[in-house]
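In case you want the letters, here they are:
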Amino acid sequence: MEATGTDEVDKLKTKFISAWNNMKYSWVLKTKTYFSRNSPVLLLGKCYHFKFEDENKLLPARSGCTIEDHVIAGNVEEFRKDFISRIWLTYREEFPQIEGSAFTTDCGWGCTLRTGQMLLAQGLILHFLGRAWTWPDALNIENSDSDSWTSNTVKKFTASFEASLSGESELKTPTVSQKETIRRHSDDHEMRNEIYHRKIISWFGDSPLALFGLHQLIKYGKKSGKKAGDWYGPAVVAHILRKAVEEARHPDLQGITIYVAQDCTVYSSDVIDKQCTSMASDNTDDKAVIILIPVRLGGERTNTDYLDFVKGILSLEYCVGIIGGKPKQSYYFAGFQDDSLIYMDPHYCQSFVDVSIKDFPLETFHCPSPKKMSFRKMDPSCTIGFYCRNVQDFKRASEEITKQLPGAITQLLNALHSQQFGGHHREVTET
């Protein structure tokens, strides 16, 4: 009887903490991200220049971006459309309970899993849609009004806690716009793109059956000694993602694999072996590969000597981003301007969306505005990701990476031609 009472107390404690985190990460302050007109912006291998064109031309208020000194036109809209088209995966609440726990939300502990999902999602976008793809409705997304978020926060907390006490599990509808997308597809190619766009997002749904959803990732994390509610590091998440892709049995995913570097070393022969291993004997095509490299860019703090290294990585068309962040707070790094990193933040709690229904709303899976952070604040532990479509693509990427990274970094990464990508872990941490 005593044990049962203890279990009930633990469950109540978990639900209370979850309700508190739901409130905490629903309280969003209105902030603007400032971009300079004098420096290029790099986003996952694409370069944008915000050149001054018309001082009287206003940047749309919904963009969430402000250009310093003057209002800049140039590539602003192209950049916004490209950024918003990346898949944004954040904390969610009121999803089906995670097996073996009382959690129905990942608020407060699931941020690295979410940034890992974002990196994998970008790899899948490259695989199925290509780097040039952008979501046609990207510029129709508007920033949710921060006042409405904060005014509803206490109500959300109260309702969440009351539901926890009463055991209710009624699902709320998403709080952001669910405008029905009404568009006639101009051709089969556009229709195909929309199908894959939705399919990729559905693979990251917050339900036990979603291939790369939180429930599945937590299941694979158990082999690393992790459970729901634990903090996950970038290296652990890299191995979880590898396992999730290996175990995926969806026909569309048989042509892609993941390779995770050990001690910052990637052996070309091992990568090529994975690419040439086909599950179907009659299929001779190379597999695409996502290469994940867990690294440490310094000791207790990130060594600023690695700034050019990080910039070089994010400038490559093969890069699918970096699972990184600040200490105990994970972000998905996707670009930079000057010495600031551009990222997507998973620390916003949104309501569960059932991705199994037809035409589920897409708005909450796309971030309306970028954020920037000084490189100096970056946590030294991170995982870097690359995508290569086939063996030839991998070889070209090897050559380009070697050319892009100068001096000590080139030595540290030890050209892929000599069978290694990366340096030894000790060299990375002591440089």
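Presented here is a report on the structure given in the accompanying data block. (Residues numbered from 1 in each chain as written. Predicted model: local features only at pLDDT ≥ 70, side-chain atom pairs only at ≥ 80, totals over all residues. Heavy atoms only, no water.)

Describing the overall build of the protein
Tallying secondary structure elements over the protein gives 12 helices and 13 strands in all. In the protein, of all internal contacts separated by at least 6 residues, the share reaching a separation of at least 24 is 74%. When the accessible surface of the protein is totalled, it reaches about 20,200 Å², and 50% of it is carbon and sulfur. (Helix = DSSP H or I, 4+ residues; strand = E, 2+ residues; numbered from the N terminus. Contact = heavy atoms within 4.5 Å. Areas by Shrake-Rupley, 256 points an atom, 1.4 Å probe, with all protein chains shown as cover.)

Quick word on the state of the cysteines
Two cysteines whose sulfur atoms are joined by a covalent bond form what is called a disulfide. For the structure on display, the rule yields zero disulfides. In this structure Cys264 is a free cysteine whose sulfur lies 9.1 Å from that of Cys382, the closest cysteine sulfur available. (Disulfide = S-S within 2.5 Å.)

A word on the nonpolar core
Membership of the largest hydrophobic core comes to 72 residues, with the highest contact counts inside it found for Leu124 and Phe212. Considering every element that reaches this core, the biggest residue donor is helix 3 (residues 111-128), with nine residues. For Leu124, the residues in contact, after removing those within four places along its chain, are Leu129, Ile200, Trp203, Phe204, Phe212, Leu253 and Ile256. Counting 36 residues, the second-largest nonpolar core is a separate cluster that includes Ile291, Val295, Val310 and Phe375. (Core = buried A, V, L, I, M, F, W, Y, C linked by side-chain atoms within 4.5 Å. Buried < 20%, exposed > 50% of the residue type's maximum accessible area, 1.4 Å probe, protein only.)

Things to note about the pairing of strand 13 (residues 381-388)
Summarising burial for strand 13: seven of the eight residues are buried, a large majority. For strand 7 (residues 288-296) and strand 13, the ladder comprises eight bridges, and the chain directions are antiparallel. Considered in strand 13, the bridge of Ile293 is made with Ile384. (Pairing = 2+ DSSP bridges.)

Some remarks on the pattern of salt bridges
Going through the model one piece at a time under the given rule, you end up with 15 salt bridges. Between Asp230 and Lys227 there is a salt bridge; the shortest N-O distance is 3.2 Å. Residue classification places Asp230 among the buried positions, given a relative accessible area of 18%. One continuous salt-bridge network, built from bridges that share partners, spans Asp82, Arg86 and Arg131. (Salt bridge = Lys/Arg side-chain N within 4 Å of Asp/Glu carboxyl O.)

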